[in-house]
Structure formats: C-alpha cells, structure tokens
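So the chains spell out like this:
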Amino acid sequence: DQQVKQNSPSLSVQEGRISILNCDYTNSMFDYFLWYKKYPAEGPTFLISISSIKDKNEDGRFTVFLNKSAKHLSLHIVPSQPGDSAVYFCAASASNGGSNYKLTFGKGTLLTVNP
Amino acid sequence: NAGVMQNPRHLVRRRGQEARLRCSPMKGHSHVYWYRQLPEEGLKFMVYLQKENIIDESGMPKERFSAEFPKEGPSILRIQQVVRGDSAAYFCASSIGPGTLGLPDTQYFGPGTRLTVL
C-alpha cells in the first residue's frame, strides 16, 4: 500500500528553467512533509519541509506547495541547475500517536537538468 | 563535523550467513533510525533507537532482524540467516531528538550499506 506516491519516475528539464516535482499521498493523518535529494552512492539529504498548517514554504531556489484538499504537494526548483540532477524523494509523517519520526517515502523521481 | 557514518558500504553474504551493519550517528545525536530501500522502492522505516533503548521496531521483520544502540559504540543492525530477499540498501539516519510540538527533528542520513545476498 503506497501511501506516498511519486508517479513520475523521471523528469528532464533545461538548465535555467523550472523543475516541478509532484507527490501525492493517501493517508489523511500525514501532517508534515519533506523533500530529500539523493545523489548516487550517497544517502538522502534533507532539502525542505512543510507543515500542514502552511500551504507554501520557500528556501532560495526551492519552494514546496501543499494542497491538503487534493492531498498533493509539489517541489519547484527555479532556476534549475545541472547540479540539481539527482533523485528527489517526497516523504511524510504523522504527529498523532507520537510517531512523527517515522517517515514514509515515495519511490523517488530522477531529475536530470541538461546544460 | 562528520556526518552519519555507515560501514561497510558494501557487504556480500551467502544465504544463511549473518550480516552486521554499523552506524555512527552525527556528533551530538542520540536518536538513530534504520530504513531499508529495496530495488525500485522508496525507503521504508524499520526501527528507531535511542541509547540502550529500542523505541519503535514496528517496521522490522519479526524474525532474523535485530537492532541495538549500545551506550558506547555504533548502532548495529543484525540480520541472521540472510536470504536473497534481504538484498537492499540499508540507510541509517540520526537526529538530535525525536521532535517537538508535533514536528520531527530533521533526520540526517548516512551513505547506506548495500547488502547483496548470493
């Protein structure tokens, strides 16, 4: 049962353009969402997060949007750079029951930014 | 400031052998989490430990798998009598705490151990 879904296995964009990575979730108890970036042979690196009390969080070139009614979030990278090429994982957690540390990950989207 | 360390990076075992994966958390972190990534899948939570305590092992298979985080030394994920289905990347993460006010503390991941069972 995939509670966090990243339906696009891959995405290719040109340098300087916007990259939009999408994520859907099914568990309505999720109230905290994160994006991690992963290079080959390395562990995931935390990128940005958003709490369900917000609908947008911005950090430099990275913005995450949350649409709770649609159970959908997206990561926008603008402008995209070749160094952004990596696998991006969407993750979620639920604060009820005291287990907010338990992250549920999607399968990831491979972003390729072409020079 | 060293990040999360995992060793070995690659481990090859034959069916029936034991695998021991080690994780040293970031300096100042006393909370450790283990995740497993099967091929073509996302990371899946296995276990959450604090020093000398298992807090949540709900994601760990009931048999053959165990984890510990002793007072001294790294956290160990142990898989006994490995089978081919155990082949995966095992990631360890650490955080300062479990989180506050409903928000989890950021988990920092190690580079992973890639286990191959022949």
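Residues numbered from 1 in each chain as written. Chains lettered and ligands numbered in written order. Predicted model: local features only at pLDDT ≥ 70, side-chain atom pairs only at ≥ 80, totals over all residues. Heavy atoms only, no water.

**Student:** Can you walk me through the overall build of chain A in this structure?
**Tutor:** Looking only at helices and strands, chain A has 0 helices and 11 strands in total. Going from N to C terminus, chain A has its helices and strands arranged as β-β-β-β-β-β-β-β-β-β-β. For 115 residues, the compact-globule formula gives about 13 Å, and the C-alpha radius of gyration of chain A, at 14 Å, lands near that figure. Counting the 115 residues in chain A, one finds 45% classified as buried. Of all intrachain contacts in chain A linking residues separated by at least 6 positions in sequence, the fraction that spans at least 24 positions is 55%. (Helix = DSSP H or I, 4+ residues; strand = E, 2+ residues; numbered from the N terminus. Rg over C-alpha atoms; globule rule 2.2 N^0.38 Å. Buried < 20%, exposed > 50% of the residue type's maximum accessible area, 1.4 Å probe, protein only. Contact = heavy atoms within 4.5 Å.)

**Student:** Whenever I open this one, the pairing of strand E13 (residues 113–117) of chain B confuses me. Can you help?
**Tutor:** Every other side chain in a regular strand lies on the same face of the sheet, so the side chains alternate between the two faces. Residues and elements named next belong to chain B. Alternating positions in E13 separate cleanly, Thr113, Leu115 and Val117 being buried on one face and Arg114 and Thr116 remaining unburied on the opposite face. Sheet analysis places strand E2 (residues 10–13) next to E13, joined by 4 bridges and oriented parallel. Bridge pairing links His10 to Arg114 in E13. Of the pairings in the sheet, the one linking strand E9 (residues 88–95) to E13 comprises 3 bridges and is antiparallel in character. Note that in E13 the partner of Ala89 across the bridge is Arg114. (Pairing = 2+ DSSP bridges.)

**Student:** Explain the pairing of strand E4 (residues 31–37) of chain B here, please?
**Tutor:** All names here are of chain B. Of all 7 residues making up E4, 7 are buried, and the element is well covered by its neighbours. Burial along E4 is two-sided: His31, Tyr33, Tyr35 and Gln37 and Val32, Trp34 and Arg36, pointing in opposite directions, are all buried. Inspection of the sheet shows E4 paired to strand E5 (residues 43–50) by 7 bridges, in the antiparallel sense. Across the sheet, Gln37 pairs through a bridge with Leu43, a residue of E5. Here E4 folds back onto E5, and the loop between the two strands holds 5 residues, one of which, Glu40, carries a positive phi near 65°. Strand direction decides the pairing type here: E4 and E9, joined by 7 bridges, are antiparallel. Of the residues in E9, the one forming a bridge with Gln37 is Ala89.

Interpretation note: all reported values are geometric properties and have no functional meaning in isolation.
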